[in-house]
Amino acid sequence: MWYHKPVINEELLQSLPNLKIVASSGVGIDHLDLKLLSSYGVKVSNTPFAVSTDTADFGMALMLASSRRLVEGYQMAVSPDTEYFPADWLGSEVSGATLGILGMGTIGYKVAERAKAFEMKILYHNRNRRNKEEESAVGATYCKKIDDLLQQSDFVLLSVTLTPQTHKLIGKRELELMKPTATLINISRGLVVDQDALVEALQNKVIKAAALDVTYPEPLPRDHPLLKLKNVMITPHIGSATTKTRRLMMENMTESIQAGLAGLPIPNEVL
């Protein structure tokens, strides 16, 4: 499966009685009905480790580009209407700021490793707390309650898996808990955020900005209000989009398929 295609439903499964494995690219498995697949005896694999480094890099890129208003700056620099660069055109600092990471899995932890180099104060919330050695290595502080993380962070980065529990994890209440100077960064799935609430929060300056590599749907309708806001930066779900990583994803999928057909243990099997 690439970009969630083909759609795996009961009709397809019934038409493929010899199907042994579905190898899905990327980390997310929210597009798959695991119970349905299991009922047909079909195994599932994904490629979580192949994408983690580039996606973490991209999370930092979004943070830096948004905080320093890179897109706006580029537009100003190349605009035929620009006659001078205003001295009061300012961005926000990343170095020394507080980063709150929701979802400290492989990607979230790699973001923390990168943020440490920027001397950021790192807070995180996760279903399972990391051990003290891992926390110490990146200087991360665990927040048992999401609310505490939201209230303290200058940047809130979402790196959670989309599940029923994380569906619209960030809504009106959570956005209102964030600082009015804070930026929301989403490198997980669009449905983790209530987009209507986000539009309202950005329009009313409840939060300062958002940087989104994921939305729902993808792409957004061309008249969607998020596309009209200057304090939003949107990219086309390209967190893992490098030549090396895409090749590695394909290699991982091929290895899983070969193992599944041979009856061997499947690398990166989703259990």
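Everything quoted here is computed from the prediction, not taken from an experiment.

About the cut-offs
Residues numbered from 1 in each chain as written. Predicted model: local features only at pLDDT ≥ 70, side-chain atom pairs only at ≥ 80, totals over all residues. Heavy atoms only, no water. Domains from an automatic or database assignment. Contact = heavy atoms within 4.5 Å. Buried area = accessible area lost by both parts, 1.4 Å probe. Salt bridge = Lys/Arg side-chain N within 4 Å of Asp/Glu carboxyl O. Polar contact = N/O pair within 3.5 Å; in protein donor to acceptor, adjacent residues only side chain to side chain. Nonpolar A, V, L, I, M, F, W, Y, C, P; charged D, E, K, R; others polar. Axes fitted to C-alpha atoms, helices over the stretch in contact; angles between N-to-C directions. Helix = DSSP H or I, 4+ residues; strand = E, 2+ residues; numbered from the N terminus. Parallel < 35°, antiparallel > 145°, perpendicular 65-115°, else oblique. Left-handed = near helix turned anticlockwise from the far one by under 90°. Phe/Tyr/Trp six-rings, centres within 6.5 Å; stacked < 30°, edge-to-face > 60°. Pairing = 2+ DSSP bridges.

Partitioning the protein chain into domains gives domain 1 (10–49 + 241–262) and domain 2 (52–234). Using only C-alpha atoms to locate each centre, domain 1 and domain 2 end up separated by 30 Å. If you look at the interface, domain 1 gives 7 residues, while domain 2 gives 6 residues. Summed over both sides, the interface of domain 1 with domain 2 buries roughly 570 Å², with 45% coming from carbon and sulfur. Our count for the contact surface shared by domain 1 and domain 2 stands at 1 salt bridge. Linking D30 and R189 is a salt bridge whose minimum nitrogen-to-oxygen distance equals 3.2 Å. At the junction of domain 1 and domain 2, the tally comes to 4 residue pairs in polar contact (both at pLDDT 80 or more). Classifying every residue of the side of domain 1 that touches domain 2 gives 3 nonpolar, 3 polar and 1 charged.

With that out of the way, let us pick up the packing of helix α3 (residues 48–67) against helix α10 (residues 243–262). Between α3 and α10, the shortest axis-to-axis distance is 8 Å and the interhelical angle comes to 165°. Judged by the angle between their axes, α3 and α10 are roughly antiparallel. α3 and α10 meet at a crossing whose hand is left-handed. In contact with A50, V51 and D54 of α3, α10 contributes T245, L248, M249 and N252. A class-by-class count of the residues in the contact of α3 with α10 yields 4 nonpolar, 2 polar and 1 charged.

Here we take up the packing of aromatic side chains. This model, assessed by the stated rule, comprises 2 aromatic pairs. Between the aromatic rings of W2 and Y3, the centroid separation amounts to 6.3 Å while the plane-to-plane angle is 70°, which identifies the pairing as edge-to-face.

This brings us to the pattern of salt bridges. If you walk through the whole model with that rule in mind, you get 11 salt bridges. Counted as one network, the salt bridges with shared partners bring together D147, R173 and E174.

This part is about the sheet that holds strand β6 (residues 155–158). The strand order across the open sheet formed by 7 strands is β5-β4-β3-β6-β7-β8-β9, and the pairing between neighbours is parallel. This sheet does not close on itself; its edge strands, each paired only once, are β5 (140–142) and β9 (232–234). Sheet twist, expressed as the average angle between the axes of neighbouring strands with direction ignored, equals 15°. Taken together, the 3 bridges between strand β4 (residues 121–125) and β5 define a ladder with parallel strand orientation. In the sheet register, L123 faces β5, and the bridge partner there is T141. Contacting β7 (183–186), β8 (209–212) and β9, helix α9 (residues 195–203) crosses the sheet at an angle of about 140° to β8.

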